[in-house]
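Descriptive analysis of the structure
Given next are the chains, with one letter for each unit.
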Amino acid sequence: VSGIISRLRHPQTTVRWRLTLLYGALFLVSGAVLLTVTYVLVEHAPMSRVPNGLFVKGKNVDVPQSANLSVRPPPTANRPVWQRKALTVPAAGASAQARPNNDLAALPPRVTQVLRSSEGQVAIRIVGAKQRLADLHQLIVESSIALAVMAIISAALGWLVAGRVLRPLRTMTAAAQQISEANLHERLALDGPRDELRQLADTIDRLLARLESAFDAQRRFVANASHELRTPLTAARALLEMVMTDPRATVETYQTTCRQVLEESEQQEQLINSLLALAQGERGIDRRSLLDLSAIVDDGLRIYRPRAGERGLRVQTSLSTARLGGDRRLIERLVANLLENALRHNIPGGSVAVEVRSERGQAELLVANTGPVVPADQVQRLLQPFQRLGAERAGQREGFGLGLSIVAAVAAAHDATLDVQPGPGGGLAVRVRFPAPADLLLLPEPGSDRGGAPEEPLQPAGHDRSGVAGSAART
Amino acid sequence: MRVLVVEDHPRLAATVATVLRREGMAVDVAFDGREALERATLTTYDVVVLDRDLPGLHGDEVCRSLVASGARTGVLMLTAAGTLEDRVEGLAIGADDYLPKPFHLAELVARIRALARRSAPGLPPTLSHGDLKLDSARRLVTRGGQPIALSPKEFAVLELLLSAQGAVVSTEQLLERAWDDATDPFTNAVRMTVSRLRAKLGDPPMVETVTPIGYRIGGAG
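The present account deals with the structure reproduced in this document. Predicted model, so just to flag it, every value in this text is computed and none were measured. (Residues numbered from 1 in each chain as written. Chains lettered and ligands numbered in written order. Predicted model: local features only at pLDDT ≥ 70, side-chain atom pairs only at ≥ 80, totals over all residues. Heavy atoms only, no water.)

What about the overall build of chain B?
Along chain B, the regular secondary structure elements total eight helices and twelve strands. For chain B, with 221 residues in total, the buried portion stands at 53%. If you take every contact in chain B between residues at least 6 apart in sequence, the share linking residues at least 24 apart comes to 58%. Of the roughly 9,200 Å² of accessible surface on chain B, a fraction of 55% belongs to carbon and sulfur atoms. (Helix = DSSP H or I, 4+ residues; strand = E, 2+ residues; numbered from the N terminus. Buried < 20%, exposed > 50% of the residue type's maximum accessible area, 1.4 Å probe, protein only. Contact = heavy atoms within 4.5 Å. Areas by Shrake-Rupley, 256 points an atom, 1.4 Å probe, with all protein chains shown as cover.)

Some words on the pattern of salt bridges
For the structure shown, the criterion picks out 39 salt bridges over all chains. A salt bridge links Asp246(A) to Arg22(B), with the shortest nitrogen-to-oxygen separation between them at 3.9 Å. Of this pair, Asp246(A) sits in the loop between helix H8 (196–244) and helix H9 (251–283) while Arg22(B) sits in helix H1 (residues 10–22), which puts the two residues in different chains. When the shortest N-O distance is used, the salt bridge between Arg216(B) and Glu208(B) registers 3.2 Å. (Salt bridge = Lys/Arg side-chain N within 4 Å of Asp/Glu carboxyl O.)

Comments concerning the nonpolar core
All names here are of chain A. One finds Leu293, Leu334, Val335, Leu338 and Leu365 to be the most contacted residues of the largest nonpolar core, which totals 51 residues. Those elements that provide at least two residues to this core are H9, helix H10 (293–310), helix H11 (328–344), strand E4 (351–359), strand E5 (362–369), helix H12 (379–382), helix H13 (403–413) and strand E7 (428–433). Sort the elements by how many residues they give to this core and H11 lands first, with nine residues. Beyond its immediate stretch of four places on either side in the chain, leucine 365 contacts Leu293, Val297, Leu334, Val335, Leu338, Val354, Glu355, Val356, Val430, Arg431 and Val432. (Core = buried A, V, L, I, M, F, W, Y, C linked by side-chain atoms within 4.5 Å.)

Topic: the environment of Leu275(A)
You can see Leu275(A) is positioned in helix H9. Taking the C-alpha atoms as reference points, Leu275(A) and Pro385(A), 110 residues apart in sequence, are found 9.4 Å from one another.

Things to note about the pairing of E4(A)
Residue and element names in this part refer to chain A. Examined bridge by bridge, strand E2 (residues 314–319) and E4 share six bridges and lie parallel to one another. Counterpart to glutamine 316 in the pairing with E4 is alanine 353. The sheet contact formed by E4 and E5 spans eight bridges and is antiparallel. Residue alanine 353 lies in a different strand from E5, and its bridge partner there is alanine 368. Linking E4 to E5, which pair antiparallel, is a turn of two residues; within it arginine 360 sits at a positive phi near 50 degrees. (Pairing = 2+ DSSP bridges.)

So, in structure tokens, the structure goes:
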């Protein structure tokens, strides 16, 4: 009861109460309107407008036409309107009129005479009007009582109906409260008719599904990153522990171990750089300068051409000036990663084709290479961080699997479109198309020294891990 | 004791293998999940040290297969993800122990020994026969209170013979438990090691030759 009282004090607290109040108020208003309409209709019922003619037609009646039927009292301002009206409507009561007409003859002549006199007529009408007033009053009172009772009943029904309508909402609230980061796989799974509430629940479910996949991707990324970071750390530590607990360790063993630990730390540094590049690419760029893509690719090729020669790969190039607005370091990284990928995932005697062109002001870079067959359904997966193709064996595995995801992030940061297709006979064909620089607000490239930051050697993101494998195995 | 190290990082795998061999274990290395399962079907390992994040076949799958095969192999899982959920999940899959990276090699060795003891139930940490005592955790061998310095292989062979508690251990068994896959199966390494071990243990002789099957601990017992 106290709860109800407190709710009554704060009726706005729940939708259920508001709906109940709304239902009640609506019922009350429509009831009142109905009552008023009824009242007005009754009040102006046809009988109340009995014209003089009816009275005149009466055989015994001899009322001068001048005698107005309505006994209009002097219009006084302090008189309620309804009373005034009621009086204007004269003697309308059927009984009051019928009696003089039909029963007049049965009355003593004196009475008849009195009634026939104009005063008598007035008196009859007054009595009729009073009777009518009483009837109307009764109608008002009884209808009001009925309305009040029905209002209470309708409020109670409204409370029940609102509760029933809102029940799915309460279920959803309870279910949604239970869902946290730990059990994002749960769903509201509301059943019932396909109404607005069901749509809401389904929308929330779809939102949860998207959240779940985003969380999963994030979790996978963190797991992969921590694996890639902690494993070399563990290796470095194990190497040091191994040599320190070796009773027969020599200066030579120490030197070998130190060299290996250094190599491990270099790899970690490269991984951290790659992760930073990825983060920077995903964050977007805040400064764009006007760059010539062909010059950047040419610089990159200067490093990769000799390495391609070592691997016996043919490099075909077709470079023409293509301008774009972007961050030089990120574009360099994109180019380096694409070239490195093309070199690394190639076959003996294969080839790499690099093309830079400008099409309707849009700079376009194409890097296609021969290589092992890439299944078409695996291509998109390669753009995800830490993804490598199929069952590459660990001992032969190269890179961290970040190269193409960095390319994708950098391309996205530059609003460029990235198209990766498997080559016809294996390998990959990657096409990056940048938006025309004219559309962009460009800052002039700071100086000819390529920015104030110290230049790092052009290095691919996912660096080669081979060449350190197994050297300490089975010693 | 025969141990399989499954780790995709070549240098870490090599380092762990080196240290375990120094501890007298026979160690094989696999770099991915498939190779690990192939090796596990050929050889019964006492302990498998299993990295969880493996290329190809995931470490979880390898663990499930190992457990499903019914072998009495102890599985020690290594992982970079060291959260409580990961550890619980790893143990739920069927791993016997769990060690997050980065770890201390000393702890890894101690856990492997503990697991091996569990997979061969009923053996105390210290094995003995007469006045000969072998403490596998501290890698100490004493006879009549006098410490004896043994090479890792000699130690492993003595440990196997003492574990058999007088039963005959065949040359093949010794080869499988104390030597890794890199060893030529037609080697006379076992005979050489046993003869060196006999010499170090002194008189009266404790290792008997049961021709043509193998060896057993006996004699002065």
